[in-house]
Amino acid sequence: MAKSMKLAGLKSVENAHDESVWTATWVPATDSRPSLLLTGSLDETVKLWRPDELDPIRTNTGHCLGVVSVAAHPSGVIAASAALDSFVRVFDVDTNATIATLEAPPSEVWQLQFDPKGKTLAVAGGGSASIKLWDTATWRLVSTLSIPRPEGTKPSDKSSSKKFVLSVAWSPDGRRLACGSMDGTISIFDVARAKFLHHLEGHNMPVRSLVFSPELDSRKLYSASDDGHVHIYDVEGKAIIGAMSGHSGWVLSVDVSPDGEAIATGSSDKTVRLWDFKMRAALQVMSNHTDQVWAVAFRPGGRGGRLASVSDDKSISLYHCS
């Protein structure tokens, strides 16, 4: 049997931001530099950090409300940040030059993610109950994927507010898009046809984080919900193929290791947990943080695995994965 992954604390930075840190992602390495950690905070800034010391490289300003999501283009050259001001800022990672400012009123912006080829930026549209797709060559809005209303409801019904879209994830082949809503449903779209396919049921509270397993033909989707559970779905078969629980609070974030063997979660119970998918069990509980953990992110590929976590306690923790 293959040995399970282990986490070891490498570095923590207290007061990494002036307020709660809500979001984190890794910017892929380029020919001229290694991968970097990107964080966003209620303090309205986005910061770049160099591993493994977590040396601060730069602070980006430009949003006038808290930053709810950051995303990096697969090239590592550009990144995007979304804030409660409903703007998405696209910027050059190394120079911080603004490349585009995206807005699609009256849609809010929540989680955002570039597709695996980097041609499209998907933005979860909050109360608009939709995902907006932006072309990264022209920065034009190319598609709006709307979650269908439950049958028998009128447009005036309050049920539409429950479809508030919080989270978004691309399949590794870029053909499917999943989004998680406030009411716990996960919606699956066929991107090429801009068509809603089906819902994945099972959660009954907000789904704040989604990630596909990294295999190219992956149909496996991991979800994190306020109901305290992580679900594993077969996206095409519409089936739950596993569920894991153990956090004593909301599961706010989920990410999968680059080899697909382990997943990490962050929770309002202040812990980071490492799980083995095959054993459906938590391998490790990390208690570095003193407040809820809003995001966990594995560094993509490369030598020596890394996991980062960020929290309401204003800190960043970096772990070595072996």
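Residues numbered from 1 in each chain as written. Predicted model: local features only at pLDDT ≥ 70, side-chain atom pairs only at ≥ 80, totals over all residues. Heavy atoms only, no water.

The chain appears in an unreviewed UniProt entry as Anaphase-promoting complex subunit 4 WD40 domain-containing protein from Hibiscus sabdariffa.

In this section: empty space enclosed by the protein. Scanning the model with the defined rule gives one cavity of 30 Å³ or more in all. In this structure, the largest cavity encloses a volume near 50 Å³. As for the largest cavity, its lining consists of Val88, Leu102, Glu103, Ala104, Ser107, Glu108, Val109, Val123, Gly125, Lys132 and Trp134. A per-class count over the lining of the largest cavity returns six nonpolar, two polar and three charged. (1 Å grid on protein atoms, 1.4 Å probe; cavity = no way out; pocket = protein on both sides within 12 Å on 5 of 7 lines; lining within 4 Å. Points joined across faces, edges and corners; volume = space filled by probe spheres on them. Nonpolar A, V, L, I, M, F, W, Y, C, P; charged D, E, K, R; others polar.)

To continue, consider the pairing of strand 17 (residues 195–200). Sheet topology places strand 16 (residues 186–190) next to strand 17; five bridges connect them, and they run antiparallel. Along strand 17, the bridge assignment pairs Ile186 with Leu200. Connecting the antiparallel pair strand 16 and strand 17 is a turn made up of four residues, with Ala194 showing a positive phi of about 50 degrees. (Pairing = 2+ DSSP bridges. Helix = DSSP H or I, 4+ residues; strand = E, 2+ residues; numbered from the N terminus.)

With that settled, the discussion passes to the UniProt feature "repeat: WD" (unreviewed entry) in the chain. Following the UniProt record, one finds the feature "repeat: WD" (unreviewed entry) at residues 14–59, 60–101, 158–199, 200–236, 244–285 and 286–322. Secondary structure content for residues 14–59 is 0% helix and 50% strand, and the end C-alpha separation is 16 Å. In residues 60–101, helix accounts for 0% and strand for 52%; the two terminal C-alpha atoms are 14 Å from one another. (UniProt positions renumbered as here; feature names shortened; annotations may be inferred.)

Right, let's talk about the pairing of strand 19 (residues 220–225) for a bit. Within strand 19, six of the six residues are buried, leaving the element largely enclosed by the surrounding structure. Of the two faces of strand 19, the one carrying Lys220, Tyr222 and Ala224 and the one carrying Leu221, Ser223 and Ser225 are both buried. The sheet contact formed by strand 19 and strand 20 (residues 229–234) spans five bridges and is antiparallel. When the sheet's bridge partners are listed, Tyr222 is paired in strand 20 with Ile232. (Buried < 20%, exposed > 50% of the residue type's maximum accessible area, 1.4 Å probe, protein only.)

What follows covers the packing of aromatic side chains. Within this structure, the stated rule accounts for three aromatic pairs. Considering the side-chain rings of Trp110 and Phe164, the 5.6 Å spacing of their centres and the 65 degrees angle between planes classify their relative orientation as edge-to-face. Separated by 54 residues along the polypeptide, Trp110 in the loop between strand 9 (98–102) and strand 10 (112–114) and Phe164 in the loop between helix 1 (159–162) and strand 14 (165–170) bring together distant segments of the chain. Their ring planes at 70 degrees and their centres at 5.8 Å tell us that Phe189 and Phe196 sit as a pair that is edge-to-face. With a relative accessible area of 1%, Phe189 lands in the buried category. Owing to a relative accessible area of 22%, Phe196 belongs among the partly exposed residues under this scheme. Its guanidinium or amino end placed over the ring of Trp26, Arg299 lies 5.6 Å from that ring's centre, counting from NZ or CZ. (Phe/Tyr/Trp six-rings, centres within 6.5 Å; stacked < 30°, edge-to-face > 60°. Lys NZ or Arg CZ within 6 Å of the ring centre and 35° of its normal.)

Another point: the layout of surface pockets. Size it by volume and the largest pocket reaches roughly 1400 Å³. Lining the largest pocket we find 50 residues, and of these Thr25, Gln113, Leu210, Val211 and Asp255 sit closest to its centre. When residues of the lining of the largest pocket are traced back to their parent elements, those giving at least two are strand 2 (21–27), strand 6 (67–72), strand 10, strand 14, strand 18 (207–212), strand 22 (251–256) and strand 26 (293–298). In terms of residue class, the lining of the largest pocket is made up of 34 nonpolar, twelve polar and four charged.

Right, let's get into the sheet that holds strand 11 (residues 120–124). In spatial order, the strands read 10-11-12-13; together these four strands make up an open sheet with antiparallel pairing. Only two strands of the sheet have a single neighbouring strand rather than two, namely strand 10 and strand 13 (141–146). Going across the sheet, the axis of each strand differs from the next one's by a mean of 20 degrees, ignoring polarity. Bridge count between strand 11 and strand 12 (residues 130–135): five bridges; the pairing is antiparallel. Paired with Leu121 across the bridge in strand 12 is Trp134. (Axes fitted to C-alpha atoms, helices over the stretch in contact; angles between N-to-C directions.)

The strands that make up a sheet pair up through hydrogen bonds in the backbone, lying either parallel or antiparallel. The strand order across the open sheet formed by four strands is 2-3-4-5, and the pairing between neighbours is antiparallel. Two strands bound the open sheet, and with one partner strand each, they are strand 2 and strand 5 (55–60). Taken over all neighbouring pairs, the strand axes of this sheet differ in orientation by 25 degrees on average, direction set aside.

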